[in-house]
Each structure stands twice: as structure tokens, then as C-alpha cells.
Amino acid sequence: MNASPEQPHAPRVVLGVSGGIAAYKACELLRRLTESGHRVTVVPTAAALHFVGEATWAALSGRPAATETWASVHEVPHVRIGQQADLVVVAPATADLMAKAAHGLADDLLTNTLLTARCPVVFAPAMHTEMWEHPATQENVATLRRRGAIVLEPAVGRLTGVDTGKGRLPEPSAIFEACRRVLARGTQERDLAGRHVVVSAGGTREPLDPVRFLGNRSSGKQGYALAATAAARGARVTLLSANAELPDPAGVDVVRVSTALQLREAALKAAVDADVVVMAAAVADFRPAEYATGKIKKVDGVEPAPVALVRNPDILAELSAHRARPGQLVVGFAAETDDVLAHGRAKLARKGCDLLVVNEVGDGLAFGLDTNAAVVLAADGAEVPVPHGPKEALADTVWDQVVTRLRAADAL
Ligand code: C5P
């Protein structure tokens with residue numbers, strides 16, 4: 001059965017499936033792709049067919065699975081499938097499949113397809129942690145990324161058997177979102193390929209006692225949009241997530257933090273080899289001077305002492321003042337309730353960052369919504385207004401500004 005609302009000009013997607021147990025999750029990805037109107041040809045490897053059979057792929061895609069280099073030879077499938085694709089996504093991508101792709105081997109239909117494809121290629125790896133971390137795999141991944149392929153970072157969690165660690169296939173919904181973004185960019189260059197970007201998102205929580213904290217209303221959506229769009233543009237992304245209740249974007253290394261001090265530590269660590277650091281998180285300026293190990297309450301009718309606060313370090317100012325590598329770009333965000341531009345310019349100077357994205361916040365503006373409007377202010381004097389629109393559009397404008405400046409620095 002195929003419930004596909006497929007249009008004649010629908011994007012052609014090749015779903016390559018290599019031989020890992022996570023192949024069953026590719027069925028869910030396939031369903032999402034077909035239901036959203038993509039024409040999907042599934043190319044499973046012989047090993048993949050041990051996990052999920054041909055009938056399942058055919059039923060879910062509405063067309064026969066392409067399994068044989070030697071079938072229908074008159075149609076030259078080993079060349080045609082790759083040539084005609086708008087996107088090739090390999091999920092799961094095993095260590096073996098990526099090794100073959102990195103070295104240009106072509107001993108089956110999927111590896112032939114990868115050699116003939118001129119469209120964007122997304123690999124969603126799944127394997128045991130040891131295999132992912134092995135220098136051979138890491139070098140193959142680096143090779144594929146250098147050539148412009150998007151290799152998603154595996155997720156962390158339960159692996160086959162009793163193991164847990166890095167190596168899980170990202171959630172099918174997240175792989176689908178990554179594919180959608182890549183298709184939307186079309187043949188546009190992966191202009192962040194080879195770059196490591198660090199993005200902080202969400203809002204810090206400063207604990208008062210075991211049940212209370214000082215926090216803020218940041219949802220993390222803008223930071224997550226920055227991370228997801230950077231991944232679609234080919235970057236290796238580290239997302240420092242402070243209390244955001246959002247699904248992990250596929251292909252992004254997510255580091256969870258809660259307090260400003262934890263965020264500072266994670267940011268300084270991740271920044272060491274970063275080309276860009278974007279501080280989109282709302283960081284509490286103050287934290288309680290002391291943490292009460294028991295719940296703060298009235299004792300015998302006596303009110304508790306007022307909460308004393310101490311200042312948190314300004315992470316953005318620190319990152320800007322002590323760049324971890326020459327030419328590293330630092331980007332800040334500023335939410336203002338009034339006189340937005342004047343405050344933004346003053347803050348840009350005070351923090352010492354390269355770009356500052358200023359937006360107006362208040363009742364019904366920005367927080368928790370999927371849309372935003374802002375102005376990107378640059379230390380070199382540029383001011384780029386971004387009209388009200390999806391947070392992804394603002395994210396893309398930020399990356400456009402970043403890429404221009406990275407390239408200018410490369411040309412020096
Ligand atoms: O000063 P303000 O909090 O408005 O500045 C916002 C910017 O500074 C954001 O980019 C935020 O992530 C960063 N910030 C920081 N450390 C703080 C406070 C804010 O990095 N303690």
C-alpha cells in the first residue's frame with residue numbers, strides 16, 4: 001500500500017540502507033518521506049536485506065526496491081539512480097559503507113549510486129561506539145565531509161544489546177528534518193563544510209534549593225534552529241543545550257548543561273577548535289550566593305533570610321576577549337524590550353563580539369514562538385535587518401554573515 005500524495009515534480013530521493021539493525025528505523029524515515037510527497041527509491045545493500053526484506057521497502061515506497069546492479073541492465077541502474085536523484089540519504093550508514101564511500105569503491109548498487117550522485121548526500125551513521133570512534137572511521141567521515149557530504153553525528157543512547165554510548169541512529173523524525181533542510185537548500189553550496197560551530201541554546205537555571213531555581217523563559221528554539229541550519233550547511237555542530245525541551249536535531253553533538261557555570265565550562269571546552277561560537281542561550285546574570293541543601297521555608301513562623309545573589313561570569317565577553325584560535329568568530333544575542341538598536345550597538349561594543357543579533361522581546365514577542373524578527377549588528381559596522389519570519393530564516397541570515405566573514409579572513 002502506498003498512501004503517497006506524490007507530485008510529478010516531487011523531489012527524487014534515494015534512500016540507501018546499509019546492513020545494521022537500525023535498518024528497521026529507516027522504514028519510519030521512508031514513510032515520512034513518501035507521505036510528504038517525495039519520490040523515494042530504496043537501495044538496500046545485501047546485508048540490509050537480512051534485517052528488513054524487499055517487500056517492506058516496496059510497500060512503503062510504492063515502487064520496487066533497487067537491489068541489483070545486474071537487474072534491468074538495459075536501464076543502466078548503477079548510473080541512472082544516482083544521476084537522477086535530488087538527494088541521497090543513507091540511513092543507517094555502517095562503518096563499512098562509509099569506508100567504501102570514502103574510498104570510491106563501487107561493488108554494489110548503493111556504492112555505485114553514491115559515485116554517480118551529484119546531488120547532496122546525507123549519511124546517518126549507526127554503529128557501536130568503538131567503531132564510530134576508531135581512527136579509520138573518523139578519517140573516512142572527515143574525508144566524506146571534506147568532499148561536501150553531510151555526515152550526521154550519531155546520537156547517544158542505547159545501542160544493540162546492553163551497550164549504551166554514541167552510535168545510535170538519530171531519530172527518523174530528526175533525519176527527515178535534516179533531509180528537508182538539505183533539499184530546501186538545493187544545490188546551494190555547503191558553505192559551512194569543514195567548519196566546527198558551537199551554539200548555545202535555552203536558558204540557564206540557577207538552583208536555590210532542591211526544588212527551586214532562578215530561570216528564564218527562553219525555549220531554545222532559536223539556538224536549535226541555528227544548530228540545525230548549520231548542520232544542513234555542512235558544519236560540524238556542537239549544541240550546548242541549557243534546559244531546552246526540544247528534540248535533538250539530527251547530526252548535532254548535543255551537550256546538556258543547566259547552570260551558567262556549567263555552560264561556561266562546556267563553552268570554553270567546545271570553543272577550543274571552533275571556527276564560530278554563537279551564544280544564543282539566555283544566561284542568568286546572577287545566581288544564588290548559596291545553595292540550600294534542604295528546602296527553604298519558614299521555621300517556627302520566622303521568614304527565611306533574603307536570597308543573596310552573586311554575579312555569574314559573562315561567557316560571551318570572555319569568549320570574545322580570549323579567542324581560542326585566531327580568526328574565531330563570536331556571535332551574541334541580545335533580547336531588548338525598548339530602544340532595541342541603541343542598546344544593541346552599546347552591547348556589541350561592550351561584549352567585544354563580532355556579531356550581535358538584537359531582537360525585541362516582551363509579551364507575545366519571540367519567546368517560545370517559531371518566529372522572530374531581528375537586526376544583525378556587526379563590529380565592522382554592517383547592520384542587516386531580518387524581517388519577521390521563521391527562526392530558521394534568521395538562523396540562515398546569521399550563517400550568511402558568518403560565512404562572508406570567515407571567507408574574508410581566509411583570503412587574507
Ligand atoms: O548582557 P545580556 O545578557 O543581554 O547579553 C546577552 C548575550 O550575552 C547573549 O549572547 C548571552 O548568551 C550572553 N551572556 C553570556 N553570559 C552571561 C550573560 C549573557 O554569555 N552571563
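Residues numbered from 1 in each chain as written. Predicted model: local features only at pLDDT ≥ 70, side-chain atom pairs only at ≥ 80, totals over all residues. Heavy atoms only, no water.

**Student:** Run through the site of the ligand, naming residues and quoting values.
**Tutor:** The environment of the ligand is made up of M279, A281, V283, D285, P313, D314, I315, L316, G332, F333, K347 and K351. Residue K347 places a side-chain N or O atom 2.3 Å away from an oxygen atom belonging to the ligand. Summarising the interface, the protein chains cover 88% of the accessible area of the ligand, which totals 450 Å² for the free molecule. Applying the majority rule of atoms within 2 Å of the grid points places the ligand in the largest pocket. (Near = heavy atom within 4 Å. Polar contact = N/O pair within 3.5 Å; in protein donor to acceptor, adjacent residues only side chain to side chain. Areas by Shrake-Rupley, 256 points an atom, 1.4 Å probe, with all protein chains shown as cover. 1 Å grid on protein atoms, 1.4 Å probe; cavity = no way out; pocket = protein on both sides within 12 Å on 5 of 7 lines; lining within 4 Å. Sits in = over half its atoms within 2 Å of the grid points.)

**Student:** Any details on the packing of helix α1 (residues 23–35) against helix α9 (residues 172–185)? Residues and values, ideally.
**Tutor:** Contact geometry of α1 with α9 gives a least axis separation of 9 Å together with a crossing angle of 45 degrees. Looking at the two axes, α1 sits oblique to α9. Crossing geometry of α1 relative to α9 is assigned as right-handed. The residues of α9 that touch α1, namely those facing K25, E28, L29, R32 and L33, are P172, S173, I175 and F176. The class makeup of the residues in the contact of α1 with α9 is five nonpolar, one polar and three charged. (Axes fitted to C-alpha atoms, helices over the stretch in contact; angles between N-to-C directions. Helix = DSSP H or I, 4+ residues; strand = E, 2+ residues; numbered from the N terminus. Parallel < 35°, antiparallel > 145°, perpendicular 65-115°, else oblique. Left-handed = near helix turned anticlockwise from the far one by under 90°. Contact = heavy atoms within 4.5 Å. Nonpolar A, V, L, I, M, F, W, Y, C, P; charged D, E, K, R; others polar.)

**Student:** How would you explain helix α10 (residues 221–232) if you had to name every residue and give the values?
**Tutor:** Helix length check: α10, at 12 residues, gives a terminal C-alpha distance of 16 Å against a target of 16 Å (1.5 Å per residue), a fit within 8%. Burial runs high along α10: 11 of the 12 residues are buried. At the exit of α10 stands G234, carrying a positive phi of roughly 100 degrees. (Expected span 1.5 Å × (residues − 1). Buried < 20%, exposed > 50% of the residue type's maximum accessible area, 1.4 Å probe, protein only.)

**Student:** An account of the sheet that holds strand β13 (residues 276–279) is requested, with residue identities and associated values reported.
**Tutor:** The mixed open sheet is built from eight strands, whose spatial order is β12-β11-β8-β13-β16-β17-β18-β19. The sheet is open, and its two edges are formed by β12 (252–257) and β19 (383–390), each paired on a single side. This sheet shows a mean twist of 20 degrees between the axes of neighbouring strands, independent of strand direction. Across four bridges, strand β17 (residues 355–360) lies against strand β18 (residues 371–378) in antiparallel orientation. Residue pairing in the sheet places V358 in a bridge with V375 of β18. Contacts from helix α13 (residues 340–351) reach β16 (329–336), β17, β18 and β19, with the element oriented near 155 degrees to β17. (Pairing = 2+ DSSP bridges.)

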